[in-house]
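Here is what each chain is made of, one letter per residue.
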Amino acid sequence: MSPSFDVAELAATYATQSAQDILKLAFAEFGDDLWISFSGAEDVVLVDMAWKINKNVKVFSLDTGRLHPETYRFIDQVREHYKIEIELVSPDHTKLEPFVKEKGLFSFYKDGHGECCGIRKIEPLRRKLSTVSAWATGQRRDQSPGTRSQVAVLEIDSAFSTPERPLYKFNPLAQMTSEEIWGYIRMLELPYNSLHERGFISIGCEPCTRAVLPNQHEREGRWWWEEATQKECGLHAGNIIKKA
């Protein structure tokens with residue numbers, strides 16, 4: 001990383017730049033220490049753009065153990081399509097097994113999704129990010145107007161940084177709309193999760209995801225039993241809360 005890497009200045013400079021230009025900046029500054037987060041939905045656009053810049057792009061995905069079969073098949077499709085490795089990061093069994101033993105497999109319907117996401121998503125992600133300097137996500141401002149409308153294209157990840165090790169977070173797709181994402185997928189005939197053909201838009205774990213009706217917002221298909229403004233699992237919530 002160059003000594004002149006000023007996050008606030010670069011975030012302002014690149015706020016209106018293309019996703020590809022933001023990724024070029026990320027690779028120029030961090031090279032092979034930049035990891036792409038692939039969630040198994042439309043993040044294939046992010047992977048495609050990154051792969052076209054760096055064929056050795058590093059990609060990881062969180063395997064919570066509760067994903068749809070279609071999502072697992074999609075991950076393999078993307079791995080084969082680009083001839084890349086996708087590192088699957090799994091929950092710590094020493095934390096997961098006691099949780100399931102005590103509360104069962106569906107406690108989140110009663111007491112909220114926070115604890116389950118903490119074990120299945122947040123801890124594995126924290127473990128992975130503790131080994132890297134920068135990561136790129138597929139967050140978009142239109143995904144959740146209540147919580148993601150101010151997503152920056154570049155930021156210090158306040159949720160996963162430590163005083164000794166700052167973590168830099170790129171959100172190259174922040175400005176893109178769902179329509180633009182799907183235009184890109186169709187134009188280039190990229191692989192996508194087959195659940196999208198059945199009304200699923202925002203796809204997470206199987207018990208916490210459902211199809212949405214016409215004109216419903218995509219986040220209405222996630223954690224539908226909870227209050228609408230809290231529909232974040234915690235992967236990005238730390239940064240979002242800072243901006244609220």
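Because the structure is predicted, anything quoted here is derived from the model rather than measured.

Our focus in this paragraph is the sheet that holds strand β5 (residues 154-156). As summarised here, the arrangement of the six strands in space is β3-β2-β1-β4-β6-β5, forming an open sheet in which the pairing is mixed. Every interior strand has two partners, whereas the edge strands, β3 (86-89) and β5, have only one. Each adjacent strand pair in this sheet contributes to an overall mean axis angle of 30°, direction not counted. Of the strands in this sheet, β1 (34-37), β4 (134-136) and β6 (168-170) are in contact with helix α2 (residues 19-30), which crosses β6 at around 155°.

Before going further, it helps to spend a moment on the UniProt feature "binding site: [4Fe-4S] cluster" (unreviewed entry) in the chain. Feature annotation in UniProt places "binding site: [4Fe-4S] cluster" (unreviewed entry) on C116, C117, C205 and C208, given in this structure's numbering. These annotated residues cover 93 residues of sequence, and their C-alpha atoms lie no more than 10.9 Å from one another, placing them together at a single site. Tracing the chain through its elements places C117 in helix α7 (residues 114-129). On the secondary structure map, C208 appears in the loop between α8 (178-188) and α9 (237-243). In contact with C208, other than residues within four places in its own chain, are F108, G221, R222, W223, W224 and W225.

Moving on, we get to the pattern of salt bridges. Note on pairing: side chains with opposite charge can pair once their charged atoms come close. Across all of its chains, the model carries 11 salt bridges by this definition. The partner of K95 in a salt bridge is D92, with the nearest N and O atoms 3.2 Å apart. By relative accessible area, which is 42% here, K95 ends up partly exposed. The closest approach of N and O atoms between E115 and K103, which form a salt bridge, is 2.6 Å. Of this pair, E115 sits in helix α7 while K103 sits in helix α5 (residues 93-103), and the two are 12 residues apart along the sequence. Judged by its relative accessible area of 39%, E115 falls in the partly exposed class. Given a relative accessible area of 31%, K103 falls into the partly exposed group. When salt bridges with common partners are traced through the structure, they connect E42, R140 and D142 into a single cluster.

Along the chain, V44 turns up in helix α3 (residues 44-53). Residue classification places V44 among the buried positions, given a relative accessible area of 0%. Spatially, the C-alpha atoms of V44 and I75 are 9.5 Å apart, while their sequence positions differ by 31 residues. Sequence-distant contacts of V44, defined by excluding residues within four places in its chain, comprise F38, F74, V78, Y82, I185, L190 and P191.

With their axes 12 Å apart at the nearest point, α3 and helix α4 (residues 69-82) run at an angle of 15° to one another. The angle between α3 and α4 places the two elements in the roughly parallel class. As α3 packs across α4, the resulting crossing turns out to be right-handed. Every residue of α4 that contacts α3 at V44, V47, D48 and W51 is listed here: F74, V78 and Y82. Broken down by class, the residue content of the contact of α3 with α4 amounts to six nonpolar, no polar and one charged.

Looking at α8, one finds that the buried residues are I181, W182, Y184 and I185. For α8, the angular spread of the buried residues around the axis is 150°, confining them to a single face. Exposed positions of α8 whose direction lies more than 90 degrees from the buried face are E179, R186 and M187. Those residues of α8 that are buried are in contact with α2 and α3. Within two residues after α8, E189 carries a phi angle of roughly 55°, on the positive side.

Rules used throughout
- Residues numbered from 1 in each chain as written.
- Predicted model: local features only at pLDDT ≥ 70, side-chain atom pairs only at ≥ 80, totals over all residues.
- Heavy atoms only, no water.
- Pairing = 2+ DSSP bridges.
- Helix = DSSP H or I, 4+ residues; strand = E, 2+ residues; numbered from the N terminus.
- Axes fitted to C-alpha atoms, helices over the stretch in contact; angles between N-to-C directions.
- Contact = heavy atoms within 4.5 Å.
- UniProt positions renumbered as here; feature names shortened; annotations may be inferred.
- Salt bridge = Lys/Arg side-chain N within 4 Å of Asp/Glu carboxyl O.
- Buried < 20%, exposed > 50% of the residue type's maximum accessible area, 1.4 Å probe, protein only.
- Parallel < 35°, antiparallel > 145°, perpendicular 65-115°, else oblique.
- Left-handed = near helix turned anticlockwise from the far one by under 90°.
- Nonpolar A, V, L, I, M, F, W, Y, C, P; charged D, E, K, R; others polar.
- Arc of directions from axis to C-beta.

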